[in-house]
Amino acid sequence: MKILIASDIHGSIKYCRQLFDAAKREEVDKILLLGDLLYHGPRNDLPDEYAPKEVISLLNEHKDMIFAVRGNCDTEVDQMVLDFPILADYCIIPVGKRIMYATHGHHYNPQNPPKLSRGDILLNGHTHVTAYDRGEDFYYFNPGSVSIPKENTNRGYIIFENDRFTWKTLEGTAFNEIIL
């Protein structure tokens, strides 16, 4: 299975469209969204083409390929307008003999990790900063932000397929790869 992993759309229809263009180009089976789908939150400037209602429509058009976890800007009201579940704080995905623990990052993150076994993967967004680390106890991966990247990182996503994580810009340029 080929999964596109992204985070922090924050209501930008411009970058949400680019994300789905990438999903089509990559021919992915599923899209894992790591939260903060519709709203920008009080700490962020408005992203380009801020249009949460249009983002709702586009996400709902692709509901069968999306699974998501809740971000700190996502609310129960958001669940009322989205046609796929978004209120889980995390999901666990088996990856061979490891698990991938996917969460937004405002509760569990590298500084406060969940209970993981050696070699497991912690995957989160929230920081808006692309990250990858082969830590002593677990791997840590962050796709950065689709719409409001920080610390001079790219707008982008991760492609996960066959134990391979590839970080790409929204335009599709690969800039890092880790094979488990």
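Higher on the page you've got the structure.
Conventions we followed
Residues numbered from 1 in each chain as written. Predicted model: local features only at pLDDT ≥ 70, side-chain atom pairs only at ≥ 80, totals over all residues. Heavy atoms only, no water. Phe/Tyr/Trp six-rings, centres within 6.5 Å; stacked < 30°, edge-to-face > 60°. Buried < 20%, exposed > 50% of the residue type's maximum accessible area, 1.4 Å probe, protein only. Pairing = 2+ DSSP bridges. Helix = DSSP H or I, 4+ residues; strand = E, 2+ residues; numbered from the N terminus. Axes fitted to C-alpha atoms, helices over the stretch in contact; angles between N-to-C directions. Contact = heavy atoms within 4.5 Å. Polar contact = N/O pair within 3.5 Å; in protein donor to acceptor, adjacent residues only side chain to side chain. Expected span 1.5 Å × (residues − 1).

Enquirer: Explain the packing of aromatic side chains to me, please; I cannot follow it from the model alone.
Expert: Centre-to-centre distance and the angle between the planes together describe a pair of aromatic rings. According to the stated counting rule, one finds 7 aromatic pairs in the structure shown. Ring plane angle 85° and centroid distance 5.8 Å describe the contact between Tyr 101 and Tyr 108, whose orientation is recorded as edge-to-face. In this structure Tyr 101 comes out as buried when scored by relative accessible area, which is 7%. For Tyr 108, a relative accessible area of 33% corresponds to the partly exposed category. For the pair Tyr 139 and Phe 141, a centre-to-centre distance of 5.8 Å together with 50° between the ring planes defines the contact as tilted. The two residues Tyr 139 and Phe 141 agree in class, both being buried. One aromatic cluster is present, formed by Tyr 132, Tyr 139, Phe 141, Phe 160, Phe 165 and Trp 167 through successive ring pairs.

Enquirer: What exactly am I supposed to notice about the sheet that holds strand 5 (residues 98–103) here?
Expert: The strands making up a sheet associate through hydrogen bonds between their backbones, and the pairing can be parallel or antiparallel. Ordered in space as 4-5-6-8-7, the 5 strands form an open sheet in which the pairing is mixed. Looking at which strands have only one partner, the edges of the open sheet turn out to be strand 4 (90–95) and strand 7 (130–134). On average, each strand axis in the sheet is tilted by 20° relative to the strand beside it, whichever way the strands run. Where strand 6 (residues 121–124) meets strand 8 (residues 139–143), 3 bridges bridge the pair, whose relative direction is parallel. Among the inter-strand pairings, Ile 121 is bridged to a residue of strand 8, identified as Tyr 139.

Enquirer: Would you mind going over the pairing of strand 9 (residues 156–161) with me for this structure?
Expert: Moving residue by residue along a regular strand, the side chains alternate between the two faces of the sheet. When you tally the buried positions in strand 9, you get 5 out of 6 residues, the bulk of the element. In this sheet, strand 9 lies alongside strand 1 (residues 3–6) in antiparallel orientation, the contact comprising 3 bridges. Paired with Ile 5 across the two strands is Ile 158, which belongs to strand 9. With 6 bridges joining them, strand 9 and strand 10 (residues 164–169) adopt antiparallel strand pairing. When the sheet's bridge partners are listed, Ile 159 is paired in strand 10 with Thr 166. In textbook terms, the turn of a hairpin is the stretch between consecutive antiparallel strands, and for strand 9 and strand 10 this stretch comprises 2 residues, one of which, Asn 162, has a positive phi near 50°.

Enquirer: Would you take a moment to explain the environment of Asp 36 for this structure?
Expert: Structurally, Asp 36 is set in the loop between strand 2 (30–33) and helix 2 (52–61). For Asp 36, a relative accessible area of 2% corresponds to the buried category. The residues touching Asp 36, leaving out its near neighbours within four places in the chain, are Asp 8, Ile 9, His 10, Gly 71, Asn 72, Cys 73, Asp 74 and His 104. In this structure the side chain of Asp 36 is engaged in a polar contact, spanning 3.1 Å, whose partner is the backbone nitrogen of Asn 72. Only 3.1 Å separates the side chain of Asp 36 from the side chain of His 104, close enough to count as a polar contact.

Enquirer: Explain helix 1 (residues 13–26) here, please?
Expert: In an α-helix, one turn spans 3.6 residues; hence positions three or four apart end up facing the same way. Given a rise of 1.5 Å per residue, 14 residues ought to cover 20 Å, and the 20 Å separating the end C-alpha atoms of helix 1 matches this to within 8%. Three or more residues of helix 1 are buried, namely Ile 13, Tyr 15, Cys 16, Leu 19, Phe 20, Ala 22, Ala 23 and Glu 26. Buried positions along helix 1 lie against strand 1, strand 2, helix 2, strand 3 (66–68), strand 9 and strand 10. Just downstream of helix 1 lies Glu 27, where phi reads positive at about 55°.

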